[in-house]
Amino acid sequence: MILNPERAAEIAANLAEVRRRMAAAAERSGRDPAAVRLVAVSKTYPLADIAAAYVAGQRDFGENRLEELWPKVAAAKVQGLDVIRWHMIGTLQSRKTRDAVGPLALIHAVDRVKIAQRLSRDAQAAGCVLDVLLEVNVSGEASKHGFTPSEVLAVAAELLALPGIRICGLMTMAPYEAVPEATRPVFRALRQLRDALALRFPAGDWRELSMGMTNDFEIAIEEGATIVRIGSAIFGVRNG
Ligand SMILES: *Cc1c(COP(=O)(O)O)cnc(C)c1O
């Protein structure tokens, strides 16, 4: 694989700038910058771009379609990029949960009871346990996937009992806002929901809050994000 040096330098510079802004946001809010993990969202971008980010020290990568994820996982391995932690950040179809069983660091978007049940069943059949987050539709936008906050509280006990998945926390997507500050109530509400779950269901592990993208990650970090999912600020604006 041949890396274009200019492209590689551009990605390295973008990554450094994103990391600098992440650390500044953490420090502003009295948090340890090391407590926030960056998932570089590489969807639609080629393996050479992933390799450039890898050379610049990036290890967590996110994809939103299994059809794109698995070929990249295989190709990365062939290229020797073998300590990547892969994140599935997109919505899963209930007919295809079996295709999500594999060497993933985290599945971010379990958005319905049925998906959780099927993932658990398929993971058990494969003899493994999957780390997952529950996606919450905090804003109530019809176009967004996820449980409503009250649903999560109602089904948490049932989901915690599923043997093939391990719930590690919550994920949300804020609506796009021209003024990023406007997303703050969404991120704050996700953190408060997490805190309520941790109180009501102390046997569960609720540590992760996957929230914040290119447009709003600094606000999300100020509100407690432990994982931000950032694509365009690292790799550039996607076409389509
Ligand atoms: C594409 C995507 C992102 C990254 O979006 P950017 O705005 O490019 O940072 C984050 N999360 C999910 C679920 C996505 O699909």
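Residues numbered from 1 in each chain as written. Predicted model: local features only at pLDDT ≥ 70, side-chain atom pairs only at ≥ 80, totals over all residues. Heavy atoms only, no water.

Participant: I tried to follow the packing of helix α1 (residues 5-28) against helix α2 (residues 47-55) on my own but got confused; where do I start?
Facilitator: A pair of packed helices is characterised by two quantities: the angle between their axes and the separation of those axes. Direction vectors running N to C along α1 and α2 enclose 55 degrees, while the axes themselves pass 9 Å from each other. For the element pair α1 / α2, the angle class is oblique. Considering how the two elements wind past one another, α1 and α2 form a crossing that is right-handed. On α2, the residues touching Arg7, Ala8, Ile11 and Leu15 of α1 are Asp49, Ala52 and Ala53. Across the contact of α1 with α2, the residue classes tally to five nonpolar, no polar and two charged. (Axes fitted to C-alpha atoms, helices over the stretch in contact; angles between N-to-C directions. Helix = DSSP H or I, 4+ residues; strand = E, 2+ residues; numbered from the N terminus. Parallel < 35°, antiparallel > 145°, perpendicular 65-115°, else oblique. Left-handed = near helix turned anticlockwise from the far one by under 90°. Contact = heavy atoms within 4.5 Å. Nonpolar A, V, L, I, M, F, W, Y, C, P; charged D, E, K, R; others polar.)

Participant: Whenever I open this one, the packing of helix α4 (residues 113-125) against helix α5 (residues 149-160) confuses me. Can you help?
Facilitator: Running from N to C, α4 and α5 point in directions that differ by 5 degrees, and their axes come no closer than 11 Å. In terms of orientation, α4 lies roughly parallel with respect to α5. On α5, the residues that touch Val113, Ala116 and Gln117 of α4 are Val155, Glu158 and Leu159. Partitioning the contact of α4 with α5 into residue classes produces four nonpolar, one polar and one charged.

Participant: What is the right way to read the pattern of salt bridges from this model?
Facilitator: If the charged atoms of two oppositely charged side chains come close together, the side chains can form a pair. Enumeration according to the criterion identifies 23 salt bridges in this entry. Note that Arg7 and Glu10 form a salt bridge whose closest N and O atoms lie 3.4 Å from each other. On the criterion of helical spacing, the pair formed by Arg7 and Glu10 is a turn pair, its members being three residues apart in helix α1. For Asp205, the salt bridge identified is with Arg207, shortest N-O distance 3.0 Å. Under the relative-accessibility criterion, Asp205 is labelled partly exposed at 27%. (Salt bridge = Lys/Arg side-chain N within 4 Å of Asp/Glu carboxyl O. Buried < 20%, exposed > 50% of the residue type's maximum accessible area, 1.4 Å probe, protein only.)

Participant: Even after reading the chapter, I still don't get the site of the ligand, so can you show me in this structure?
Facilitator: Lining the immediate environment of the ligand, one finds Val41, Lys43, Ile89, Met173, Met213, Thr214, Arg229, Ile230, Gly231, Ser232 and Arg238. At 2.6 Å from an oxygen atom of the ligand is found a side-chain nitrogen or oxygen belonging to Thr214. Arg238 is positioned with one of its side-chain polar atoms (N or O) 2.8 Å from an oxygen atom of the ligand. Coverage of the ligand by the protein amounts to 91% of the 390 Å² it exposes when considered alone. Considering only residue class, the shell around the ligand consists of five nonpolar, three polar and three charged. (Near = heavy atom within 4 Å. Polar contact = N/O pair within 3.5 Å; in protein donor to acceptor, adjacent residues only side chain to side chain. Areas by Shrake-Rupley, 256 points an atom, 1.4 Å probe, with all protein chains shown as cover.)

Participant: I'm lost on the environment of Arg65 in this one. Help?
Facilitator: One can find Arg65 in the loop between β2 (60-63) and α3 (66-78). When the C-alpha positions of Arg65 and Val237 are compared, they lie 18 Å apart, and in sequence the two are 172 residues distant.

Participant: Just to check I follow, could you spell out the pairing of strand β4 (residues 106-110) for this structure?
Facilitator: Both faces of the sheet carry side chains from a regular strand, because those side chains alternate between them. β4 sits mainly inside the fold: five of its five residues count as buried. Sheet topology note: the strand β3 (residues 85-88)/β4 ladder contains two bridges and is parallel. The residue of β4 that forms the bridge with His87 is Leu106. Here two bridges tie β4 to strand β5 (residues 130-135), and the two strands are oriented parallel to one another. Each bridged residue has a counterpart across the sheet, and for Ile107 the counterpart in β5 is Val132. (Pairing = 2+ DSSP bridges.)

Participant: Explain unusual backbone geometry to me, please; I cannot follow it from the model alone.
Facilitator: When glycine is set aside, most residues are seen to have a negative phi, and most peptide bonds are trans. At Thr44, a position not held by glycine, the phi torsion is positive, near 70 degrees. Along the chain, the position of Thr44 falls in the loop between β1 (37-41) and α2.

Participant: I'm lost on the side chain of Asp122 in this one. Help?
Facilitator: Within the fold, Asp122 resides in helix α4. Within the local environment of Asp122, its side chain forms a polar contact with the side chain of Arg121, the two groups lying 3.1 Å apart. Once residues lying within four places of it in the same chain are set aside, the contact partners of Asp122 are Thr97, Arg98 and Val101.

Participant: Is there a simple way to think about the nonpolar core in this case?
Facilitator: Grouped burial of nonpolar side chains is what soluble globular proteins tend to show. Core analysis: the biggest nonpolar cluster contains 69 residues, and Ile107 and Leu119 have the highest contact counts within it. In terms of residue count, α1 provides more of this core than any other element does, seven residues in total. Once residues within four sequence positions are removed from consideration, Leu119 is found in contact with Leu92, Thr97, Ala100, Ile107, Val110, Leu130, Val132 and Ile165. Counting seven residues, the second-largest nonpolar core is a separate cluster that includes Ala109, Cys168, Met171 and Ile227. (Core = buried A, V, L, I, M, F, W, Y, C linked by side-chain atoms within 4.5 Å.)

Participant: Quick question: what am I supposed to make of α1 here?
Facilitator: The periodicity of an α-helix, 3.6 residues per turn, causes residues three or four places apart in sequence to face the same way. With 24 residues, α1 extends 34 Å from end C-alpha to end C-alpha; this agrees with the ideal 34 Å at 1.5 Å per step. Taken residue by residue, α1 has Arg7, Ala8, Ile11, Leu15, Val18, Met22, Ala25 and Ala26 as its buried positions. Buried-residue contacts for α1 involve β1, α2, α7 (217-222), β8 (227-230) and α8 (232-235). Its side-chain oxygen at 2.8 Å from the backbone nitrogen of Glu6, Asn4 defines the N-terminal cap of α1. Gly30 occupies a position one or two residues after α1 and carries a positive phi of about 70 degrees. (Expected span 1.5 Å × (residues − 1).)

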